[in-house]
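Observations on the model geometry
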Amino acid sequence: MITGEQKPFDEIWNMVKDFKKVLVFGCNTCVAICHAGGGKEAEILASLLRMRAAQEGVAIEIDHSAVERHCEPEFFQPVMDNVRKYDLVLSTACGVGVNLLSENIGEIPVFPAINTEFFGAVPRSGEFTELCAGCGNCILHLTGGICPIARCSKSLLNGPCGGTNSGSCEVSPDIKCAWVQIYDRLKQLNRLDLMGEIVEAKDWSKAQGPRNFKVKVLEEIKK
Amino acid sequence: MSFREILESGKFAVTAEIGPPKGTDIKEMYHHIEVLKGKIDVANVTDNQSAVMRISSLAVSKIVLDNGMEPVLQMTCRDRNRIGLQADLLGASVLGIHNVLCLTGDHVNAGDHKQAKSVYDVESVQLLKIVEGMNNGKDMSGNEMKGATNFYAGAVVTPEAVPLEPQLVKFEKKVKAGAKFFQTQAIYDMEKFKSFMQYAKKFPVKMLAGIVVLKSAGMANFMNKNVPGITVPQELIEELKAAGKEKALETGINIAARHIKQLKDEKICDGVHIMAIGMEDKVPMIMERAGLL
Ligand code: SF4
Ligand code: SF4
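Residues numbered from 1 in each chain as written. Chains lettered and ligands numbered in written order. Predicted model: local features only at pLDDT ≥ 70, side-chain atom pairs only at ≥ 80, totals over all residues. Heavy atoms only, no water.

**Observations concerning the sheet that holds strand E7 (residues 129–132) of chain A**
Residue and element names in this part refer to chain A. Convention followed: Each pair of strands is called paired provided DSSP finds at least two bridges between the two strands. Helix and strand definitions follow DSSP, with helices as H or I runs of at least four residues and strands as E runs of at least two, each counted in order from the N terminus. All axes here are fitted lines through C-alpha atoms, helices being fitted over the stretch that makes contact, and every angle between N-to-C directions spans 0 to 180 degrees.
Taking strand neighbours across the sheet as the criterion, the three strands line up as E1-E6-E7 in an open arrangement whose pairing is antiparallel. Bordering the open sheet on either side are strand E1 (2–6) and E7, each of which pairs with just one other strand. The average undirected angle you get between the axes of adjacent strands in this sheet is 50°.

Listed below in structure tokens is the structure:
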């Protein structure tokens, strides 16, 4: 899923303070799981903003609502008449949602209330960790299922750098060295031969935007 | 004799480092070049060492060359993509710089521009392959170039990395990718290094042992704790302690000289790489005490 964290409150306040009618608009899928942008968080953020407005003596009407997804028009189209009544939509969806809503809303700005971060796993409730960077050309079958693009601080493809430190990464003792993990996993799978092969320089063109694709089968059916 | 000829002739080689400064005042750097010239065989020119921004290694390599010393151009993959790296390799070649040390490079997190975007479009093994390709007249996309390079390519290895096995897998890939010489991370335990060399001798490469002078017991303890892949044995720390504060540096210099002498006399490896880190003035003294001058 896509993860994100709410922006610092002062930054959000500075975005909204000059508007008169603001909708804090939540998204109940990915960002709700990371407690940053669901309907509940939108509600809390709206009331915090109302309190701040009262403190500062600024008159702003601040409401909140949410839909299941901001990344597909069919989820937000039904409520757009209401959404268009505001002069600012503060979206707590991920950046994808903010972009798509902005494209569809007309002459009303859509601002981001969260910083979108990565595709994350939820190893334990409330914990999020990046395991894939969406590089467009997966090599997990060569690396024991451990992604060196997302999990090695330098995205190295041929083994650990000299900074590898008793299982930790040179960048921080809190980061595990992906290449030590890959080595251990390949050893366990009896496939260390894979690590001995030189991996050629990556085709980064597949990892760079703007990217889009169409599902071929669906295209055929449409025809 | 060129660096390649020295190593291939079997002569014990001595390399040291010139660290480009931050800023345009290069008086001190000139002084270091003067001190080392005629003593060491070649000078590595570091590339934004520790991710701290300084004069480019290519520019300083040319200065070293113009001042009568052969440089080893250090190249990291942190700051340039494959186009930038190849362009600089061609640039080095036409400037008469023919030794290159291929490194991945410390993470920007270690340096003084922590918010920089790291590149790592390619890494050390792939850079070695790029160099090999350019030596054969082709860029890394396979395009024919007008005129090939003639680089003597090297790489680094950490003989005391923990864990060691994954590091050795990478070392063997570097050999396969075309590395002809290696300069190691600092080593202090001669017995451990000997057993590493027993393994490394199987490969057709020249090995230069990394030497970093211990300035004090405190420095040794600090490195043990904070520098990955460096282990200073307890007996050396005791030796530094016993010498007392005033004689610690003197003792550190003697330890370095003793190690170099042993590496040479027992023919353990093909040379040494002295990383003076601010003590370039002391390199000739170390060499004298090691019986090299
Ligand atoms: S190799 Fe690419 S696609 Fe596969 S997990 Fe890593 S980043 Fe994701
Ligand atoms: S220490 Fe490991 S994870 Fe960190 S950059 Fe080096 S190889 Fe990658």
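More follows now that the structure is in view.
**Thoughts on helix H3 (residues 39–56) of chain A**
Helical geometry: 3.6 residues make up each α-helical turn, so side chains three or four residues apart lie on a common side. Residue and element names in this part refer to chain A. Defined as follows: Take the residue count of a helix, subtract one, and multiply by 1.5 Å to get its expected span. Only protein chains enter the accessibility calculation, which uses a 1.4 Å probe. A residue is then buried if its area is under 20% of the maximum for its type, exposed if over 50%, and partly exposed in between. Note: the arc covers the axis-to-C-beta directions of the helix. In what follows, a contact means two residues having at least one pair of non-hydrogen atoms within 4.5 Å.
Along its 18 residues, H3 runs 26 Å from first to last C-alpha, staying within 8% of the 26 Å computed at 1.5 Å per residue. Among the residues making up H3, those that are buried are Gly 39, Glu 41, Ala 42, Leu 45, Ala 46, Leu 49, Arg 52 and Ala 53. End-on, the buried residues of H3 take up no more than an arc of 150°, which puts them together on one face. More than 90 degrees from the buried face of H3, the exposed residues found are Lys 40, Met 51, Ala 54 and Gln 55. Contacts made by the buried residues of H3 are with E1, helix H1 (9–16), strand E2 (21–27), helix H2 (30–33), strand E3 (61–67) and strand E4 (88–91). A positive backbone phi angle near 70° is found at Gly 57, which sits one or two residues after H3.

**What to know about the interface of chain A and chain B**
Quoted interface sizes are often the accessible area lost when the parts come together. The following threshold applies: Accessible-area loss on putting two parts together, using a 1.4 Å probe and summing over both, is the definition of buried area adopted here. What counts as a salt bridge is simple: a side-chain nitrogen of Lys or Arg found within 4 Å of a carboxyl oxygen of Asp or Glu. Residues are grouped as follows: Ala, Val, Leu, Ile, Met, Phe, Trp, Tyr, Cys and Pro are nonpolar; Asp, Glu, Lys and Arg are charged; all remaining types, including Gly, are polar.
Chain A puts 27 residues into the contact, and the matching count from chain B is 26 residues. Summed over both sides, the interface between chain A and chain B buries roughly 2300 Å², with carbon and sulfur atoms accounting for 56% of that surface. Where chain A touches chain B, the interface holds one salt bridge. Across the pair Glu 200 of chain A and Lys 129 of chain B runs a salt bridge, and its minimum N-O distance is 3.0 Å. Within the residue set of the side of chain A that touches chain B, elements represented by two or more residues are helix H8 (178–188) and helix H9 (192–196) of chain A. Considering only residue class, the side of chain A that touches chain B consists of 12 nonpolar, 10 polar and five charged.

**A short note on the site of ligand 1**
Let me state the cut-off plainly: A cutoff of 4 Å decides nearness: a residue is near a molecule or strand if any of its heavy atoms lies inside that distance of it.
Taken together, Cys 132, Ala 133, Gly 134, Cys 135, Cys 138, Ile 139, Leu 140, Cys 147 and Ile 149 of chain A make up the full set of residues near ligand 1. Taken together, the residues that form the shell around ligand 1 break down as eight nonpolar, one polar and no charged.

**Side note on the site of ligand 2**
Residues and elements named next belong to chain A. Applicable threshold: Both cavities and pockets are sets of points on a 1 Å grid over the protein atoms alone; in a cavity a 1.4 Å probe fits but cannot get out, in a pocket the set is open with protein on both sides within 12 Å along at least five of seven lines, and lining residues sit with an atom within 4 Å of a point. Think of it this way: if more than half of a molecule's atoms are within 2 Å of a pocket's grid points, that molecule is in the pocket or cavity.
Close contacts around ligand 2 come from 13 residues, with Cys 152, Cys 161, Cys 169, Glu 170 and Cys 177 the closest. If you map ligand 2 onto the pockets, it falls in the largest cavity. Partitioning the shell around ligand 2 into residue classes produces eight nonpolar, three polar and two charged.

**What to know about unusual backbone geometry**
Backbone torsion omega between Gly 209 of chain A and Pro 210 of chain A reads -5°, so that peptide bond is classified as cis. In this structure, Pro 163 of chain B follows Val 162 of chain B across a cis peptide bond, with omega equal to -10°. Tracing the backbone through its elements, the reader meets Pro 163 of chain B in the loop between strand E5 (152–157) and helix H6 (164–176). At Ser 50 of chain B, a position not held by glycine, the phi torsion is positive, near 55°. Within the chain, Ile 277 of chain B stands out as a residue other than glycine whose phi angle is a positive 40°. With respect to the element layout, Ile 277 of chain B can be found in the loop between strand E8 (271–275) and helix H10 (283–289).

**Some words on empty space enclosed by the protein**
One way to see where empty space is left: roll a probe the size of a water molecule over the atoms. Filter applied, for reference: Grid points are joined across faces, edges and corners, and a volume is the space filled by probe spheres set on the points.
A full pass over the atoms with the stated rule returns two cavities of 30 Å³ or more. Considering only enclosed or pocket space, the largest cavity measures out at about 100 Å³ in volume. Around the largest cavity, the lining comprises 13 residues; the ones closest to its centre are Cys 152, Ser 153, Cys 161, Cys 169 and Cys 177 of chain A. Within the lining of the largest cavity, the residues separate by chemical class into seven nonpolar, three polar and three charged. In this structure, the second largest cavity encloses a volume near 70 Å³. Around the second largest cavity, the lining residues are Ile 139, Leu 142, Thr 143, Leu 157, Trp 179, Leu 194, Met 195, Glu 197 and Val 199 of chain A together with Lys 173 of chain B.

**Here's the deal with the pattern of salt bridges**
Oppositely charged side chains can form a pair if their charged atoms are brought close together. By the definition in use, this model includes 28 salt bridges over all chains. Between Arg 52 of chain A and Asp 10 of chain A there is a salt bridge, with its nearest N and O atoms 2.9 Å apart. Taken as a pair, Arg 52 of chain A in helix H3 and Asp 10 of chain A in helix H1 lie far apart in primary sequence, 42 residues in all. For Arg 52 of chain A, a relative accessible area of 18% gives the class buried. In this structure Asp 10 of chain A comes out as partly exposed when scored by relative accessible area, which is 46%. With its nearest N and O atoms 2.8 Å apart, the salt bridge here joins Arg 258 of chain B to Glu 239 of chain B. Looking at Arg 258 of chain B, the relative accessible area reads 39%, which means it is partly exposed. Taking the relative accessible area as the measure of exposure, Glu 239 of chain B reaches 27% and is therefore partly exposed. If you follow the salt bridges from partner to partner, you end up with Asp 10, Arg 52 and Glu 56 of chain A in one network.

**Brief notes about the sheet that holds strand E4 (residues 99–103) of chain B**
All names here are of chain B. Here eight strands make up a closed barrel; going around it, the order is E1-E2-E3-E4-E5-E6-E7-E8 and the pairing parallel. Adjacent strand axes in the sheet meet at a mean angle of 30° when their direction is disregarded. Strand direction decides the pairing type here: strand E3 (residues 70–76) and E4, joined by four bridges, are parallel. Considered in E4, the bridge of Gln 74 is made with Leu 101. Seen against the sheet, helix H5 (residues 124–135) touches E3, E4 and E5 and runs at an angle of roughly 150° to E4. Taken strand by strand, helix H9 (residues 234–265) contacts strand E7 (206–212) and E8, and its axis lies near 165° from that of E7.

**Some words on the packing of helix H2 (residues 27–36) of chain B against helix H3 (residues 57–66) of chain B**
Two packed helices can be described by the angle between their axes and the distance between those axes. Residue and element names in this part refer to chain B. The cut-off we apply is this: Throughout this description, any angle smaller than 35 degrees is read as roughly parallel, any larger than 145 degrees as roughly antiparallel, any in the 65 to 115 degree range as roughly perpendicular, and the remainder as oblique. Less than a right angle of anticlockwise turn of the near helix away from the far helix marks a crossing as left-handed, whereas a clockwise turn marks it as right-handed.
H3 packs onto H2 with a crossing angle of 45° between their chain directions and a minimal axis gap of 11 Å. Comparing the axis directions of H2 and H3 gives the class oblique. The interaxial crossing formed by H2 with H3 has right-handed handedness. On H3, the residues that touch Met 29, Tyr 30 and Ile 33 of H2 are Val 60, Ile 63 and Val 64.

**Focus: the domain arrangement of chain A**
Basically, it comes down to this: The domain boundaries here were taken from an automatic or database domain assignment.
Along its sequence, chain A is carved into domain 1 (2–119) and domain 2 (138–223). In this structure, domain 1 of chain A and domain 2 of chain A have C-alpha centres spaced 35 Å apart.

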